[in-house]
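Close look at the chain arrangement
Here is how the chains run, residue by residue.
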Amino acid sequence: MSGHSRGLAWAIAIAACTSASALVARAVQAQIMPTPAGATAPAAPSTPAMRWRFDQCMGGITYGAPFKWAVSYGGGMVYEGDRLDLCALAVAKVGLGGAGASIGLAKSYGSLGTGSAITGGILRTFGDPLNATARRTYVGGAVHLWPLLALGGEIGYYVRLGRDADALSHGKRVVTWSAGFGF
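The structure reproduced in this document is the subject of the present report. Computed from a predicted structure; not experimentally measured. (Residues numbered from 1 in each chain as written. Predicted model: local features only at pLDDT ≥ 70, side-chain atom pairs only at ≥ 80, totals over all residues. Heavy atoms only, no water.)

**Considering the packing of aromatic side chains**
For the structure on display, the rule yields three aromatic pairs. Here Trp52 and Tyr79 contribute two aromatic rings whose centre-to-centre distance is 5.5 Å and whose plane-to-plane angle is 40°, an arrangement assigned as tilted. Of this pair, Trp52 sits in strand S1 (residues 52–65) while Tyr79 is found in strand S2 (residues 68–80), placing the two residues 27 residues apart along the sequence. Across the pair, exposure class does not vary: Trp52 and Tyr79 are buried alike. Through a chain of ring-to-ring contacts, the aromatic side chains of Tyr63, Trp69 and Trp177 assemble into a single cluster. (Phe/Tyr/Trp six-rings, centres within 6.5 Å; stacked < 30°, edge-to-face > 60°. Helix = DSSP H or I, 4+ residues; strand = E, 2+ residues; numbered from the N terminus. Buried < 20%, exposed > 50% of the residue type's maximum accessible area, 1.4 Å probe, protein only.)

So this is what it looks like as structure tokens:
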């Protein structure tokens with residue numbers, strides 16, 4: 001990978017981490033601070049207190065392109081509210097065809113495990129990926145959907161970093177997808 005491509009990949013990764021950190025910091029700052037012992041508590045707010053904690057947000061076993069069979073794990077800051085559940089997360093995914101890292105925001109929609117997420121990240125293909133160029137680095141984003149408890153999938157769009165004299169257009173862009181079982 002050229003120095004320019006590495007610099008671009010690092011810049012995207014740092015910008016994504018900074019954005020996620022700012023989102024989490026704003027949400028944590030909005031929490032109601034506990035009253036010190038001996039102080040009188042103000043009247044109870046009309047909205048429930050925010051409940052943020054660090055926890056697992058997603059994980060599972062999937063099959064798709066370019067990873068083929070893969071395992072993934074995502075964790076981060078989880079908010080469980082009365083009407084809204086969110087997770088600002090970081091995800092790692094390793095498969096037979098490649099590995100990737102991403103950050104994003106996930107939201108659940110009900111008690112049946114339905115939800116969605118949007119992530120942005122970087123992936124690196126190994127020697128024999130599905131529908132992608134081998135041993136290349138890509139940057140992009142994906143949408144994840146869980147229509148039923150523990151079953152779901154994702155679709156994404158990634159662009160290859162770096163310059164290749166032998167492949168000017170083939171494999172520069174890849175549509176990623178996967179379906180699987182999660183927890």
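**What about the side chain of Thr62?**
Topologically, Thr62 is positioned in strand S1. A relative accessible area of 11% places Thr62 in the buried class. Of note is the side chain of Thr62, whose polar atom sits 3.4 Å from the side chain of Lys93. (Polar contact = N/O pair within 3.5 Å; in protein donor to acceptor, adjacent residues only side chain to side chain.)

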